[in-house]
Amino acid sequence: MNKNIKENFVVDAINIKTYPLSDYDNIVVMFSRERGLIKGIAKGVKRPKSKLGARMQMLVANKIMLRGGRNFDTICEAQALNTFNKLRSNLDKLSYSIYLTEIISAYCTDGDEENENNKAIYELFYNILEQVANAENEVEILLNIIRFQLKFMEQIGYGTELETCLKCGCKISEDAYFSIAQGGVVCSTCRYSGDNYIRVHKKIRDFLISQKNCQLGEKTDYDALVDKNFCERCFGLLKKYIDSRASKPTRALKILEKLK
Ligand SMILES: [Zn+2]
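Quick look at the structure, then. Predicted model only: the values in this text are computed from it and were never measured.

Things to note about the overall build of the protein chain
For step 1, the next point in the chain: Across its full length, the protein chain holds 6 helices and 8 strands.
For step 2, the next point in the chain: When the elements of the protein chain are put in sequence order from the N terminus, they spell out β-β-β-β-β-α-α-α-β-β-β-α-α-α.
For step 3, the next point in the chain: Taking 260 residues into account, the globule formula puts the C-alpha radius of gyration at 18 Å, and the protein chain, at 20 Å, falls close to it.
For step 4, the next point in the chain: Structurally, the protein chain occupies a C-alpha span of about 65 × 45 × 30 Å along its principal axes.
For step 5, the next point in the chain: Looking at the 260 residues of the protein chain, the share that counts as buried comes to 49%.
For step 6, the next point in the chain: Considering only contacts within the protein chain whose residues lie at least 6 apart along the sequence, 60% involve residues at least 24 apart.
For step 7, the next point in the chain: Total accessible area computed for the protein chain in this model is approximately 13500 Å², and 47% of it derives from carbon and sulfur atoms.
For step 8, the next point in the chain: In the protein chain, 40 positive and 33 negative side-chain charges are present, and the distance between their average locations comes to 5 Å.

Structure below.
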């Protein structure tokens with residue numbers, strides 16, 4: 001094993017999970033721009049005067065220096081890039097952001113260092129957290145979460161097909177029928193083929209296509225037209241698809257529902 005033992009390295013990373021290692025130390029799981037999903041020991045982070053302190057809590061982006069170790073890397077220094085504080089003062093913002101961390105943990109794996117998707121996923125995640133933190137209402141939160149769902153799946157090679165029938169290849173112009181198993185739509189003729197489909201109204205399809213194709217942070221014509229109910233239906237459809245492919249189910253929103 002030649003894992004650059006004792007060599008220091010620096011990454012930009014967002015904390016996605018933390019769990020206890022000992023009385024004073026935690027393990028922090030992070031998603032980094034340079035190396036994807038990584039773990040590091042935050043030594044002494046539970047002591048009152050820890051110099052890492054609040055920078056190690058969930059959903060904080062840091063520039064981190066780590067020292068490579070045999071089993072675990074150790075976090076030596078952390079400089080906050082963005083604390084996304086507004087996420088923590090709103091239960092919807094926090095729950096939906098935790099949902100994003102669950103998608104990342106379910107689809108990204110440790111040691112995925114060479115993966116060229118890491119930079120794009122990091123930038124998507126960072127940007128969406130910032131938009132969600134600054135969102136002014138629930139529709140704005142949902143719009144950004146839906147964009148993450150669509151763009152994340154696209155980035156890792158499981159993009160949704162919303163325009164062309166998966167079976168016959170025709171370009172669909174009206175309502176379509178979405179297959180959770182395949183993450184795409186079929187036309188009204190092909191839907192009788194035995195699989196289970198969810199009917200998707202043309203308006204929902206047009207909206208999802210616009211969100212999938214827009215730039216990060218860009219406003220679309222739909223942003224002012226859609227309401228919470230509409231967004232929740234779109235979100236729910238994508239969530240089913242994402243959960244069906246994931247290595248572990250997402251739970252964050254179940255907790256939100258219980259609390260409400
Ligand atoms: Zn068809």
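Past the structure itself, the notes keep going.
Some remarks on the packing of helix α2 (residues 117-134) against helix α3 (residues 138-155)
For step 1, the next point in the chain: Look at α2 against α3: their axes get within 9 Å of each other, and the N-to-C directions meet at 175°. Classified by the angle their axes make, α2 and α3 are roughly antiparallel. Counting all contacts with α2, which are made through Asn-117, Ala-120, Ile-121, Leu-124, Phe-125, Ile-128, Gln-131, Val-132 and Asn-134, the residues of α3 involved are Glu-140, Ile-141, Asn-144, Ile-145, Arg-147, Phe-148, Lys-151, Phe-152 and Gln-155.
For step 2, the next point in the chain: A class-by-class count of the residues in the contact of α2 with α3 yields 10 nonpolar, 5 polar and 3 charged.

Quick notes on the pairing of strand β4 (residues 61-67)
Successive side chains on a regular strand alternate, one facing one side of the sheet and the next facing the other.
For step 1, the next point in the chain: Pairing of strand β1 (residues 8-20) with β4 involves 7 bridges; the strand directions are antiparallel. The partner of Ala-13 across the bridge, within β4, is Asn-62.
For step 2, the next point in the chain: Both β4 and strand β5 (residues 73-82) contribute to a ladder of 7 bridges, which runs antiparallel. Counted as the bridge partner of Arg-67 is Thr-74 from β5.
For step 3, the next point in the chain: Counted between consecutive antiparallel strands, the loop separating β4 from β5 contains 5 residues.

Each value, and the rule that gives it
- Residues numbered from 1 in each chain as written.
- Predicted model: local features only at pLDDT ≥ 70, side-chain atom pairs only at ≥ 80, totals over all residues.
- Heavy atoms only, no water.
- Helix = DSSP H or I, 4+ residues; strand = E, 2+ residues; numbered from the N terminus.
- Rg over C-alpha atoms; globule rule 2.2 N^0.38 Å.
- Buried < 20%, exposed > 50% of the residue type's maximum accessible area, 1.4 Å probe, protein only.
- Contact = heavy atoms within 4.5 Å.
- Areas by Shrake-Rupley, 256 points an atom, 1.4 Å probe, with all protein chains shown as cover.
- Lys, Arg positive; Asp, Glu negative; His and termini not counted.
- Charge placed at Lys NZ, Arg CZ, Asp CG, Glu CD.
- Axes fitted to C-alpha atoms, helices over the stretch in contact; angles between N-to-C directions.
- Parallel < 35°, antiparallel > 145°, perpendicular 65-115°, else oblique.
- Nonpolar A, V, L, I, M, F, W, Y, C, P; charged D, E, K, R; others polar.
- Pairing = 2+ DSSP bridges.

Function-wise, these values are silent; they only describe arrangement.
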